[in-house]
Amino acid sequence: MVKSISAGLLGLGTVGSGVVKIIENHQDKLMHQIGCPVEVKKVLVKNQDKKRDVKIDSYKLTTNVEDVLFDPEIDVIIEVMGGIEQTRDYILTALRNKKHVVTANKDLMALYGSELLTVAAENECDLFYEASVAGGIPILRSLVEGLASDRVTKMMGIVNGTTNFILTKMSKDGRAYEDVLAEAQALGYAESDPTSDVEGLDAARKMTILATLGFSMKIDLDDVRVKGITEITEEDLQYSKQLGYTMKLIGYAHRTGDHVEVSVQPTLLADSHPLASVNDEYNAVYVYGEAVGETMFYGPGAGSMPTATAVVSDLLGVMKNMRLGVNGRSAVAPQYPKQLKLPDQMFSKYFLRIHVKDQVGAFATLTALFSERGVSFEKIIQLPVKDSELAEIVIVTHQASLKDYEEVLQQLNDLEIVKSVKSSYRVEGDGSL
Ligand code: NAP
Ligand code: HSE
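The text that follows walks through the structure, step by step, so that each part is easy to find. (Residues numbered from 1 in each chain as written. Chains lettered and ligands numbered in written order. Predicted model: local features only at pLDDT ≥ 70, side-chain atom pairs only at ≥ 80, totals over all residues. Heavy atoms only, no water.)

## Description of unusual backbone geometry
Reasoning step 1: Of note in this structure, Lys98 is not a glycine but carries a positive phi near 65°.
Reasoning step 2: The residue Lys98 is located in the loop between helix 4 (85-96) and strand 5 (100-103) in this model.
Reasoning step 3: Here the phi dihedral of Ser216 falls at roughly 50°; this positive angle occurs in a residue that is not glycine.
Reasoning step 4: Relative to the assigned elements, Ser216 resides in the loop between helix 10 (201-215) and strand 8 (224-226).
Reasoning step 5: Judged by relative accessible area, which is 18%, Ser216 ranks as buried. (Helix = DSSP H or I, 4+ residues; strand = E, 2+ residues; numbered from the N terminus. Buried < 20%, exposed > 50% of the residue type's maximum accessible area, 1.4 Å probe, protein only.)

Structure, rendered in structure tokens:
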């Protein structure tokens, strides 16, 4: 039996500080589970003199990565520094030095997950990344272990806390986008560059990881259609409410037969959908399995302690595997070749807001265009636009293929009576109006 297990940290920021606190505060529990103490031996930081909100002996801090990666007493590297290319090199070096790795880095795993997992297996090392998706929610383990016997056909996720916080405050409290984004940054939910949050890239990276595991198919970041929340207006949120929907940034992954689609886009969710009541910075992932039916996983998707919980649970997983001598054997390679749906195989309802000239025959022209493409109306609202000769028309369609819908959108812009297409969103479920 080993006397103690040593971890080396790369990074001591929001997540790293939480990891150190949990290892210290829950030492009894860790010892009970693995039978020996766990120690943080070395920590890589950028600035050794920075004031930290966690107690740590200063001799453990280093700015030289080799002090961590090449320390023969360190068994597990915990990567919580972020970044992609340099971090990839550090992790590859760690694995080739037979050190197990735990990471919270979705940017890295979405791009290089497959390569890193292969190198980990070749070196009989574990590479665990539970914290990379939905912070404190154990969703990866649930997909890979809890639902291992089922065939998952649909995953819908609110997987970015920053955008959920922004949309909640905008629609419930009528607050301005910039104001709420600044608050999300101050609260530590946003990435250092929040563009990746608000433009949907952070959620797309997480959906790449979820879809790869849930569908057992190697999905790449480029396979995800992405649209962020920056173009959502107050009017869109008002109409959404009026029609019985809640606007959310939804990661959508759907399998029909052997073909899949993955997207991240603002979506009008029926108020009755379980994801519609997930508010503020909270995350949730709705998973549909053929045998289990509907399931939903809910919890804090970001923040120091919730994310650190997932990191330290992964560390425990590594240590249990060490005790059993089975490191590097748990990752299962994707079972299916990648097959993506084409636009004529993707179906949804859509919300559309357009400004048209308020004149005789305008509505008939619109109807003709939609019916030509086989896209039918489920709901329509028409109102005059104040101080203008225009009418605002809001349409919710019945199910239509993406191909037909995109053709309608393209042709709308060419119609003489159409002044502008103001907004267009995916719709999930039935509203109440
Ligand atoms: P953070 O607060 O910015 O901390 C980053 C840490 O890494 C800092 O301690 C920094 O050192 C160190 N660091 C960064 N670049 C370095 C370099 N080149 N060399 C040496 N040290 C370096 O970041 P975080 O929020 O903890 O996030 C860490 C990772 O977890 C990221 O991959 C993030 O996407 C992921 N994640 C975060 C959350 C969350 O809620 N924050 C949730 C899930 C996943 P200094 O302290 O000296 O500056
Ligand atoms: N910026 C991310 C979010 C942090 O808002 O969800 C957690 O990954």
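## A few points about the site of ligand 2
Reasoning step 1: Taken together, the neighbourhood of ligand 2 is formed by 13 residues, with Lys106, Gly161, Thr162, Tyr189 and Glu191 sitting nearest.
Reasoning step 2: Within the side chain of Glu191, a nitrogen or oxygen atom sits 2.6 Å from a nitrogen atom of ligand 2.
Reasoning step 3: One of the side-chain N or O atoms of Asp197 is found 2.8 Å from a nitrogen atom in ligand 2. (Near = heavy atom within 4 Å. Polar contact = N/O pair within 3.5 Å; in protein donor to acceptor, adjacent residues only side chain to side chain.)

## Some details on the side chain of Glu79
Reasoning step 1: In this structure, Glu79 sits in strand 4 (residues 76-79).
Reasoning step 2: For Glu79, which is buried and forms no salt bridge, the nearest opposite charge comes from Lys106, at a distance of 10 Å.
Reasoning step 3: Within polar-contact distance, the side chain of Glu79 engages the side chain of Asn105 at 3.3 Å.
Reasoning step 4: The contacts of Glu79, once residues within four sequence positions are left out, are Leu10, Thr87, Ile91, Val102, Thr103, Ala104, Asn105 and Leu108. (Lys, Arg positive; Asp, Glu negative; His and termini not counted. Salt bridge = Lys/Arg side-chain N within 4 Å of Asp/Glu carboxyl O. Contact = heavy atoms within 4.5 Å.)

## Details of the packing of helix 1 (residues 14-25) against helix 12 (residues 304-324)
Reasoning step 1: Between helix 1 and helix 12, the shortest axis-to-axis distance is 8 Å and the interhelical angle comes to 60°. Overall, the two elements helix 1 and helix 12 adopt an arrangement that is oblique. Judged by the twist between their axes, the crossing of helix 1 over helix 12 is right-handed. Two secondary-structure elements touch here, helix 1 through Thr14, Val15, Gly18, Val19, Lys21, Ile22 and Ile23 and helix 12 through Ser304, Met305, Thr307, Ala308, Thr309, Val311, Val312 and Leu315.
Reasoning step 2: Across the contact of helix 1 with helix 12, the residue classes tally to nine nonpolar, five polar and one charged. (Axes fitted to C-alpha atoms, helices over the stretch in contact; angles between N-to-C directions. Parallel < 35°, antiparallel > 145°, perpendicular 65-115°, else oblique. Left-handed = near helix turned anticlockwise from the far one by under 90°. Nonpolar A, V, L, I, M, F, W, Y, C, P; charged D, E, K, R; others polar.)

## Here we look at the site of ligand 1
Reasoning step 1: Residues in close proximity to ligand 1 total 23 residues, the closest being Leu12, Asn47, Lys50, Arg52 and Gly303.
Reasoning step 2: Here Lys50 contributes a side-chain N or O atom positioned 2.8 Å from an oxygen atom of ligand 1.
Reasoning step 3: Contact with the protein chains covers 80% of the free accessible surface of ligand 1, which is 900 Å².
Reasoning step 4: Tallied by class, the residues present in the shell around ligand 1 amount to nine nonpolar, nine polar and five charged. (Areas by Shrake-Rupley, 256 points an atom, 1.4 Å probe, with all protein chains shown as cover.)

## Let's talk about the sheet that holds strand 1 (residues 5-10)
Reasoning step 1: Taken in spatial order, the six strands line up as 3-2-1-4-5-6 in an open sheet, and their pairing is parallel. Of all strands in the sheet, those with a lone pairing partner are strand 3 (61-62) and strand 6 (127-128), marking the two edges.
Reasoning step 2: Where strand 2 (residues 38-44) and strand 3 come together, two bridges link them in parallel fashion. Following the sheet pairing, Val43 is matched in strand 3 by Leu61.
Reasoning step 3: Together, strand 1, strand 2 and strand 4 form the strand contacts of helix 1, whose direction differs from that of strand 1 by roughly 160°. (Pairing = 2+ DSSP bridges.)

## Overview of the nonpolar core
Reasoning step 1: Ranked by size, the top nonpolar core spans 75 residues in total, and within it Ile139, Leu210, Val287 and Phe351 carry the most contacts.
Reasoning step 2: Leave out the neighbours within four places in its chain, and Leu210 touches Val133, Ile139, Leu140, Leu143, Met155, Val159, Phe215 and Val285.
Reasoning step 3: Membership of the second largest hydrophobic core comes to 33 residues, among which are Leu9, Val54, Phe128 and Met319. (Core = buried A, V, L, I, M, F, W, Y, C linked by side-chain atoms within 4.5 Å.)

## What to know about helix 12
Reasoning step 1: A rise of 1.5 Å per residue sets the reference length of helix 12, with its 21 residues, at 30 Å; its end C-alpha atoms lie 30 Å apart and thus fit the reference within 8%.
Reasoning step 2: Residues Thr307, Ala308, Ala310, Val311, Val312, Asp314, Leu315, Leu316, Val318, Met319 and Asn321 constitute the buried set of helix 12.
Reasoning step 3: Among the residues trailing helix 12, Gly325 stands out with phi positive, at a value near 70°. (Expected span 1.5 Å × (residues − 1).)

## What about the pairing of strand 10 (residues 259-270)?
Reasoning step 1: Summarising burial for strand 10: eleven of the twelve residues are buried, a large majority.
Reasoning step 2: Direction of pairing for strand 8 relative to strand 10: parallel, over a ladder of three bridges. Within the sheet, the bridge partner assigned to Val226 lies in strand 10 and is Val264.
Reasoning step 3: Two elements, strand 9 (residues 245-256) and strand 10, share twelve bridges in a ladder whose sense is antiparallel. Bridge pairing in strand 10 places Tyr252 opposite Ser263.
Reasoning step 4: The loop that links strand 9 with its antiparallel partner strand 10 comprises two residues; one of these, Gly257, has a positive phi angle of about 60°.
Reasoning step 5: Looking at chain direction, strand 10 and strand 17 (residues 418-428) are connected through three bridges and run parallel. Within strand 17, the position partnered with Thr267 by the bridge is Arg426.

## Observations regarding a nonpolar patch on the surface
Reasoning step 1: Taken together, the side chains of Tyr282, Met296 and Tyr298 present a nonpolar region at the surface, about 280 Å² in accessible area.
Reasoning step 2: Its relative accessible area of 48% is what places Tyr298 among the partly exposed residues. (Patch = residues over 30% accessible without salt bridge, like charges linked within 9 Å, V, L, I, M, F, W, Y side chains within 5 Å.)

## Some thoughts on the packing of aromatic side chains
Reasoning step 1: By the definition in use, this model includes six aromatic pairs.
Reasoning step 2: Geometrically, the ring pair formed by Tyr282 and Tyr298 is stacked, given 5.2 Å between the ring centres and 10° between the ring planes. Highlighted residues: Tyr282 in strand 11 (residues 282-289) and Tyr298 in strand 12 (residues 293-300), separated in sequence by 16 residues.
Reasoning step 3: Among the residues examined, Tyr282 registers a relative accessible area of 30% and is labelled partly exposed.
Reasoning step 4: Centroid distance Tyr350 to Tyr405: 3.9 Å. Interplanar angle 5°. Geometry classified as stacked. Remark: Tyr405 occurs in helix 14 (residues 402-414) and Tyr350 occurs in strand 13 (residues 347-357); sequence separation between them is 55 residues.
Reasoning step 5: Relative accessible area serves as the criterion here: at 7%, Tyr350 is assigned to the buried category.
Reasoning step 6: Judged by its relative accessible area of 2%, Tyr405 falls in the buried class.
Reasoning step 7: Chaining the aromatic ring pairs together yields one cluster made of Phe363, Phe370 and Phe377.
Reasoning step 8: Across from the ring centre of Tyr112, 4.6 Å away, lies the NZ or CZ of Arg88, which sits over that ring. (Phe/Tyr/Trp six-rings, centres within 6.5 Å; stacked < 30°, edge-to-face > 60°. Lys NZ or Arg CZ within 6 Å of the ring centre and 35° of its normal.)

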